[in-house]
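Structure at a glance
Spelled out, the chains give:
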Amino acid sequence: MRELTVALGERSYPILIGSGLLAKPDLIVSRLPSPQVMIVTNTTVAPLFLDRLKQGLDQRAVKVAEVILPDGEAHKNQETLALIYDALLANRCDRTTTVIALGGGVVGDMAGYAAATYQRGIPFIQIPTTLLSQVDSSVGGKTGINHPRGKNMIGAFWQPQLVLADTETLTTLPPRELSAGMAEVIKYGLIRDLPFLEWIEANIGRLMACDAEALSEAIERSCANKAEVVAGDERETAKVGGRALLNLGHTFGHAIEAGLGYGQWLHGEAVAAGTVMAAELSRRLGWLSQADVDRIRTLFAAAKLPVVGPALGTEKYLDLMGHDKKVLAGKLRLVLLKGLGKAVTWGDTGKDDIFAAIDACCKAA
Ligand code: NAD
Ligand code: GLY
């Protein structure tokens, strides 16, 4: 088992990574303030892993309740959130009850937000079961739901007590979801870790073939990068750089997701095409070479991710990008690359350059 720490003073917590961790309930029980948990999962994940988790906790005399949510980003909303509050109240859960999120990022974000707000905040454990959630969403304490007018617009920072990433759960993951998670793995290499980027390039075949050792290594190095960034800027308040760098490709990507309608492209797919746009814009600013941009395209393509964006029209892209949470005082802030492994936040990009970069990376209309 690999272990990392997210160092946040009294809110510090471990990330445990390994195969078969779901069958080791002591890892969880030792961190519960009282022997009562509410497992939040969904209709896809419950038949795969819920019994395994429940059995172990039952054997340790933990009182287990569960709530099984409908699956999908479309359900990451107030209505589904209310199902979690209903279950917490129906089971007389108190401030010592621990919410356990068992599932991908959608379940993790919603369960975390329920934990952040129920009785003004109760303990919370993340058991992520997708690659994306194991390398990104389960770490760092961003929780929330979507609003019809914007993704993740309602939420709270609420750190978990523990992140338990059982790599065995990834064996049931659909290949498209594995690729989507790989976009976030590649992101860490691009923004701050060139040796990791080179390692991913050398091991992309093993990763795509779900080689357990390669996946564990990728998850550990991704989480180590995320933990460092979060420890330095927990609430994304840094004026330059900081946690916002984790959003490389995301401003363009959110425009793709919103422009096509949520659910058409997976988040990681949109991030891949969005990162190519950010790289192309960085090249136009003289910060990346054409060879660097080609290298990024080649790696995403090897991870079976799109490298060309949909033809939404440049005006529409820019309009949708204006709704991004990184917009401050009406000013668009982008994450760009000053070199491979070196991301920056940048608020001074001209509209013409942004248009040209989008045009160069989109399907012809
Ligand atoms: P997801 O939670 O929708 O999971 C993808 C699909 O895989 C779902 O159908 C899910 O039920 C299924 N699934 C989960 N585990 C499985 C398994 N082991 N085997 C088979 N199927 C499985 O999507 P995701 O990519 O995990 O997360 C995306 C969400 O995460 C988005 O809502 C995004 O906004 C959020 N996110 C949050 C953060 C953060 O910091 N909080 C960071 C990145 C993304
Ligand atoms: N996924 C971006 C962040 O956690 O800040």
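These numbers come from a predicted model, not from an experiment. (Residues numbered from 1 in each chain as written. Chains lettered and ligands numbered in written order. Predicted model: local features only at pLDDT ≥ 70, side-chain atom pairs only at ≥ 80, totals over all residues. Heavy atoms only, no water.)

Pairing of strand S3 (residues 36–42) with strand S4 (residues 63–69), which is carried by seven bridges, proceeds in the parallel orientation. Bridged to asparagine 42 within S4 is leucine 69. A crossover connection joins S3 to the parallel S4 through helix H2 (residues 46–59); in handedness this β-α-β unit is right-handed. (Pairing = 2+ DSSP bridges. Helix = DSSP H or I, 4+ residues; strand = E, 2+ residues; numbered from the N terminus. Right-handed = clockwise from strand over helix to strand, strands pointing away.)

In a regular helix each residue adds 1.5 Å, so 21 residues correspond to 30 Å; helix H8 (residues 212–232) covers 30 Å between its end C-alpha atoms and thus fits that length. On its buried side, H8 packs onto strand S1 (2–6), strand S2 (13–18), helix H5 (131–137), helix H6 (175–192) and helix H7 (194–208). With a side-chain oxygen lying 3.1 Å from the backbone nitrogen of glutamate 213, the N-terminal cap of H8 falls on aspartate 211. (Expected span 1.5 Å × (residues − 1). Contact = heavy atoms within 4.5 Å. Polar contact = N/O pair within 3.5 Å; in protein donor to acceptor, adjacent residues only side chain to side chain.)

On to the packing of aromatic side chains, then. Under the defined criterion, the tally for this structure stands at two aromatic pairs. Summarising the aromatic geometry, the rings of phenylalanine 196 and tryptophan 199 are spaced 6.0 Å apart at their centres and angled 25° between planes, so their arrangement reads as stacked. Of the two residues, phenylalanine 196 and tryptophan 199 both sit in helix H7, three residues apart, roughly one turn of that helix. Classification of tryptophan 199 as buried rests on a relative accessible area of 17%. Look at tryptophan 287 and tryptophan 346: their rings are 4.8 Å apart centre to centre, the planes differ by 90°, and that puts the pair in the edge-to-face class. Taken together, the residues tryptophan 287 in the loop between helix H10 (267–284) and helix H11 (290–302) and tryptophan 346 in strand S11 (residues 342–346) connect sequence positions 59 residues apart. The exposure class assigned to tryptophan 287 is buried, which follows from its relative accessible area of 19%. (Phe/Tyr/Trp six-rings, centres within 6.5 Å; stacked < 30°, edge-to-face > 60°. Buried < 20%, exposed > 50% of the residue type's maximum accessible area, 1.4 Å probe, protein only.)

For the rest of this paragraph, the subject is the site of ligand 1. Around ligand 1 lies a shell of 26 residues, among which Asp71, Glu73, Thr129, Thr130 and Thr172 are the nearest. For ligand 1, an oxygen atom lies 2.7 Å from a polar atom in the side chain of aspartate 71. Lysine 151 has a polar side-chain atom sitting 3.0 Å from an oxygen atom of ligand 1. Among the elements of the structure, H2, helix H4 (105–117), H5 and strand S8 (150–157) are those that each provide at least two residues to the shell around ligand 1. Looking at the shell around ligand 1 residue by residue, the classes come out as seven nonpolar, ten polar and nine charged. (Near = heavy atom within 4 Å. Nonpolar A, V, L, I, M, F, W, Y, C, P; charged D, E, K, R; others polar.)

Bringing the packing of H6 against H10 into the picture now. Closest axis-to-axis distance for the H6/H10 pair is 7 Å, and the angle between their directions is 40°. By the angle class used here, H6 and H10 are oblique. For the element pair H6 and H10, the recorded crossing hand is left-handed. Residue-level inspection shows Arg176, Ala180, Ala183, Glu184 and Leu190 of H6 in contact with H10, the latter providing His267, Gly268, Glu269, Val271, Ala272 and Thr275. The class makeup of the residues in the contact of H6 with H10 is five nonpolar, three polar and three charged. (Axes fitted to C-alpha atoms, helices over the stretch in contact; angles between N-to-C directions. Parallel < 35°, antiparallel > 145°, perpendicular 65-115°, else oblique. Left-handed = near helix turned anticlockwise from the far one by under 90°.)

For the rest of this paragraph, the subject is the site of ligand 2. What surrounds ligand 2 is the set Asp136, Lys142, Lys226, Glu236, Arg243, Leu246 and Asn247. Lysine 142 is positioned such that a nitrogen or oxygen atom in its side chain is 2.8 Å from an oxygen atom of ligand 2. Between ligand 2 and arginine 243 there is a distance of 2.7 Å, counted from an oxygen atom to a side-chain nitrogen or oxygen. Taking 200 Å² as the accessible area of ligand 2 by itself, protein coverage stands at 89%. Per-class residue counts for the shell around ligand 2 are one nonpolar, one polar and five charged. (Areas by Shrake-Rupley, 256 points an atom, 1.4 Å probe, with all protein chains shown as cover.)

Quick look at the sheet that holds S1 now. Taken in spatial order, the seven strands make up an open sheet running S1-S2-S9-S6-S5-S3-S4, and their pairing is mixed. The sheet is open, and its two borders are formed by S1 and S4, each paired with just one other strand. Sheet twist, expressed as the mean angle between neighbouring strand axes with direction ignored, is 15°. In terms of strand pairing, S3 meets strand S5 (residues 98–103) through four bridges, oriented parallel. What sits directly across from isoleucine 39, in S5, is isoleucine 100.

Across a regular strand the side chains alternate sides, sitting on one face of the sheet and then on the other. As paired strands, strand S7 (residues 142–147) and S8 are joined by five bridges and run antiparallel to one another. Pairing of lysine 142 across the sheet is with phenylalanine 157, part of S8. Taking the residues between adjacent antiparallel strands as the criterion, S7 and S8 are bridged by two residues.

Once that is clear, we can look at unusual backbone geometry. Negative phi is the rule for most residues except glycine; trans is the rule for most peptide bonds. Positioned with a positive phi, glutamine 119 is a non-glycine residue whose angle comes to about 50°. Looking at glutamine 119, the relative accessible area reads 33%, which means it is partly exposed. Not every positive phi belongs to a glycine, and glutamate 236 is a case in point at roughly 55°. With respect to the secondary-structure elements, glutamate 236 resides in the loop between H8 and helix H9 (250–260).

Once that is clear, we can look at the pattern of salt bridges. Applying the stated criterion to the full structure yields 21 salt bridges. Of the charged contacts, one joins arginine 11 and glutamate 234 as a salt bridge, the two residues approaching to 2.5 Å between their closest N and O atoms. Taken together, the residues span a long stretch of sequence, with arginine 11 in the loop between S1 and S2 and glutamate 234 in the loop between H8 and H9 at a distance of 223 residues. Under the relative-accessibility criterion, arginine 11 is labelled partly exposed at 39%. Taking relative accessible area as the criterion, glutamate 234 reaches 14% and is therefore assigned buried. Aspartate 294 serves as the salt-bridge partner of arginine 297, at 3.8 Å between the closest nitrogen and oxygen. Placement of the pair is arginine 297 and aspartate 294 together in helix H11, with a separation of three residues, close to one helical turn. On the basis of relative accessibility, which here comes to 22%, the residue arginine 297 falls in the partly exposed class. By relative accessible area, which is 35% here, aspartate 294 ends up partly exposed. Counted as one network, the salt bridges with shared partners bring together Arg2, Glu213, Glu217, Glu220 and Arg221. (Salt bridge = Lys/Arg side-chain N within 4 Å of Asp/Glu carboxyl O.)

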